[in-house]
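Residue-level listing of the chains:
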Amino acid sequence: MSESDWDTVTYLRKKPLTASAARSTKAVTAAQRRGMAVDTSKKFSAATNKQKSAAKDTAKLDRETEELHHDRVSLDVGRVIMRVRSEKKMTQKELATKINEKPQVVNDYEAGRAIPNQQIMAKLERTLGVKLRGKDIGLPLAPKGGKK
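Reading guide: rules and limits
- Residues numbered from 1 in each chain as written.
- Predicted model: local features only at pLDDT ≥ 70, side-chain atom pairs only at ≥ 80, totals over all residues.
- Heavy atoms only, no water.
- Helix = DSSP H or I, 4+ residues; strand = E, 2+ residues; numbered from the N terminus.
- Buried < 20%, exposed > 50% of the residue type's maximum accessible area, 1.4 Å probe, protein only.
- Contact = heavy atoms within 4.5 Å.
- Areas by Shrake-Rupley, 256 points an atom, 1.4 Å probe, with all protein chains shown as cover.
- Polar contact = N/O pair within 3.5 Å; in protein donor to acceptor, adjacent residues only side chain to side chain.
- Core = buried A, V, L, I, M, F, W, Y, C linked by side-chain atoms within 4.5 Å.
- Axes fitted to C-alpha atoms, helices over the stretch in contact; angles between N-to-C directions.
- Parallel < 35°, antiparallel > 145°, perpendicular 65-115°, else oblique.
- Nonpolar A, V, L, I, M, F, W, Y, C, P; charged D, E, K, R; others polar.

## Re the overall build of the protein chain
- Within the protein chain one finds seven helices and zero strands.
- Looking at the protein chain residue by residue over its 148 residues, the buried ones come to 20%.
- Sequence separation of 24 or more characterises 45% of the internal contacts of the protein chain that already satisfy a separation of 6 or more.
- As displayed, the protein chain has an accessible area near 13200 Å², and 53% of this comes from carbon and sulfur atoms.

Shown next, in the form of structure tokens:
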């Protein structure tokens, strides 16, 4: 029974390195010192949820000949908004609060910098009482109810 000693512990092998520890700079330099083959490569866009590669997208953009841009609100619409707003003696800030938007949004629509949003255009039409979409831009809106 002398072989079973409760006080001594024998380790047969070391615990294997985890993946993150094997990639650490300390582990890489230790492997290089021992003369082991080390492959270090940086993975581009690893751990992302993208299905397409960036190279394909850039090549497609390079082949594209036309200039892509979003349509903006025409200056005619901006002038109509500005004219009707000043006729009603409202500031941009007052108009913005009536339509529940920021003053910068009204400023962008008047300057023709905004990308048209149909919900905002509808709010502006109802508040100002003029058409801002379609053929009859600047004409008063038809009264509610219409024919019965």
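Now that the structure is up, let's keep going.
## A word on unusual backbone geometry
- Located in the positive-phi region is lysine 89, a residue other than glycine, with phi close to 55°.
- By the element assignment, lysine 89 lies in the loop between helix 4 (75–87) and helix 5 (92–98).
- Judged by its relative accessible area of 72%, lysine 89 falls in the exposed class.

## Describing helix 6 (residues 103–111)
- The complete set of buried residues in helix 6 reads Val105, Val106, Asp108, Tyr109 and Glu110.
- On its buried face, helix 6 is in contact with helix 4, helix 5 and helix 7 (118–128).
- Phi turns positive, to about 80°, at glycine 112, one or two residues after helix 6.

## Quick look at helix 7
- Along helix 7, the residues that are buried comprise Ile120, Met121, Ala122, Leu124, Glu125 and Leu128.
- On its buried side, helix 7 packs onto helix 4, helix 5 and helix 6.
- The opening residue of helix 7 is asparagine 117, an N-cap whose side-chain oxygen sits 3.1 Å from the backbone nitrogen of glutamine 119.
- In the stretch just after helix 7, glycine 129 is the one whose phi turns positive, near 80°.

## Comments concerning the environment of glycine 112
- Structurally, the position occupied by glycine 112 is in the loop between helix 6 and helix 7.
- Given a relative accessible area of 15%, glycine 112 falls into the buried group.
- C-alpha separation for the pair glycine 112 and arginine 79, spaced 33 residues apart in sequence, amounts to 8.9 Å.

## Observations concerning the environment of alanine 96
- On the secondary structure map, alanine 96 appears in helix 5.
- Counting along the chain gives 28 residues from alanine 96 to leucine 124, while the straight-line C-alpha distance between them is 9.0 Å.
- In this structure alanine 96 touches Glu101, Lys102, Pro103 and Val106, once residues within four positions along its chain are discounted.

## Re the nonpolar core
- By size, the foremost hydrophobic cluster in this structure holds 19 residues, and its most contacted members are Ile81, Leu95, Tyr109, Leu124 and Leu132.
- The residues contacting tyrosine 109, other than those within four sequence positions of it, are Val73, Gly78, Ile81, Ala114, Ile115, Pro116, Asn117, Ile120, Met121 and Leu124.

## Quick word on the packing of helix 4 against helix 6
- Across the interface, helix 4 lies against helix 6 with an axial gap of 6 Å and an inter-helix angle of 120°. The pairing of helix 4 with helix 6 is recorded here as oblique in orientation. The segment helix 4 lies against helix 6, with Leu75, Gly78, Ile81, Met82 and Arg85 engaging Tyr109, Glu110 and Ala111.
- Tallied by class, the residues present in the contact of helix 4 with helix 6 amount to five nonpolar, one polar and two charged.

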